[in-house]
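The chain contents come next:
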Amino acid sequence: MAALVAAAMMILLYIGVNRMVLGPIGELGSVARSLREGQLDARVELGGNDEFSQLGQTFNAMARELESYTADLEERVAERTAEVQRQNRQLEEMNQRLETAVDELDRLARTDALTGLYNRRAFEERLSFEARRSLRSRYPITLLILDLDHFKEVNDSRGHPSGDLVLQKVSQALQENLRATDLVARLGGEEFGVLLIDTGHEDAK
């Protein structure tokens, strides 16, 4: 009988310890693992008003603070990322505008404003390059210098706007009657230069 009573007391003691101590500890451990795995809304569910319940309330308060802090941090990271992306887009747009401006400046520096042909500087650079390549590769090039006769009389009798129109029409005619590989430029005034690539004198005529 004494043995049965002792066994019953041991069972009751085990159940009490399990309910009052091991259960809450297991609950705390389970919620702690959930938080560690990123489930920040996990909470301890312990009733009563004992030490373990108070510990659970403290644990839940810490979990809420962690969840709030994480949400705030994610929001700030998202805002910062969006700002960086916006600034990157602005930088790309500025770089594109800068490249366009540089290309336009280069074009203006190499182009005659009135006729749209290459100017003297660009023509001389290309002539120098093609002359060296012609000597190295042994293919012919031909240089033509064209001058409009009596052009001063056009300006004097018709006015400079008419003279400008003549220069533009002559430039257009030269461009339309040359190959894509050839180069035509306004060297100054009414003087034009034409560079015929891989072309001998007879073909140039």
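Shown above is the structure to which this text applies.
Before going into details, it helps to say that this report is about the structure given with it.

Parameters at a glance
Per chain, the residues get numbers from 1 upward, laid out in the order the sequence is written. Where totals are concerned, whole chains, interfaces and linings use all residues; where local detail is concerned, this predicted model gives features only for residues with pLDDT of at least 70, and gives and counts side-chain atom pairs only at 80 or more. With hydrogens and water stripped out, all remaining heavy atoms of the structure feed into the side-chain values. Residues enter patches when their relative accessible area tops 30% and they take part in no salt bridge; the joining distance is 9 Å for like charges and 5 Å for the nonpolar side chains Val, Leu, Ile, Met, Phe, Trp and Tyr. Calculation of accessible area relied on Shrake-Rupley with a 1.4 Å probe; when residues are assessed, cover is drawn exclusively from the protein chains displayed. For this document, the term salt bridge refers to a Lys or Arg side-chain nitrogen within 4 Å of an Asp or Glu carboxyl oxygen. Secondary structure follows DSSP: runs of H or I at least 4 residues long count as helices, runs of E at least 2 residues long count as strands, and numbering of each begins at the N terminus. Per-residue accessibility, obtained with a 1.4 Å probe over protein chains only, is compared with the maximum for each type, and a residue is labelled buried under 20%, exposed over 50%, and partly exposed between these values. In this scheme, strands are said to pair when DSSP sees at least two bridges between them. Angles here are taken between N-to-C directions and fall from 0 to 180 degrees, while the axes themselves are lines fitted to C-alpha atoms, restricted in helices to the stretch in contact. Polar contacts, as used here, are pairs of N or O atoms within 3.5 Å; protein pairs need one atom able to donate a hydrogen and one able to accept it. Residues neighboring in sequence count only if both atoms are side-chain atoms. Note on contacts: a residue pair is in contact if any heavy atoms of the two residues lie within 4.5 Å.

Focus: a nonpolar patch on the surface
Part 1 of the argument: On the surface, Tyr69, Leu73 and Val77 cluster together into a nonpolar patch covering about 280 Å² of accessible area.
Part 2 of the argument: Along the chain, tyrosine 69 turns up in helix 2 (residues 51-110).

A few points about the pairing of strand 2 (residues 183-188)
Part 1 of the argument: Counting buried positions along strand 2 gives five out of six residues, so the element sits mostly inside the fold.
Part 2 of the argument: Looking at chain direction, strand 2 and strand 3 (residues 191-197) are connected through five bridges and run antiparallel. Across the sheet, the residue bridging to arginine 186 is phenylalanine 192, located in strand 3.
Part 3 of the argument: What sits between the antiparallel neighbours strand 2 and strand 3 is a turn of two residues, in which glycine 189 has the positive phi angle 60 degrees.

A word on the sheet that holds strand 3
Part 1 of the argument: Strand order in this open sheet of three strands is 1-3-2, and the pairing throughout is antiparallel. Strand pairing shows two members of the sheet lacking a second neighbour, strand 1 (141-147) and strand 2, which therefore form its edges. Going from strand to strand, the sheet's axes swing by 20 degrees on average, the running direction of each strand aside.
Part 2 of the argument: For strand 1 and strand 3, the ladder comprises seven bridges, and the chain directions are antiparallel.

Observations regarding the pattern of salt bridges
Part 1 of the argument: Here the structure, examined in full by the defined rule, presents eleven salt bridges.
Part 2 of the argument: Here arginine 186 and aspartate 112 are joined by a salt bridge, their closest N and O atoms 3.3 Å apart. With arginine 186 in strand 2 and aspartate 112 in the loop between helix 2 and helix 3 (120-137), this pair connects stretches of sequence that are 74 residues apart.
Part 3 of the argument: Residue classification places arginine 186 among the buried positions, given a relative accessible area of 15%.

Quick look at the side chain of aspartate 112
Part 1 of the argument: You can call aspartate 112 buried: its relative accessible area is 15%.
Part 2 of the argument: A polar atom in the side chain of aspartate 112 sits 2.6 Å from the side chain of threonine 115.
Part 3 of the argument: Non-local contacts of aspartate 112, meaning those with residues more than four positions away in its chain, are made with Leu117, Tyr118, Asn119 and Arg186.

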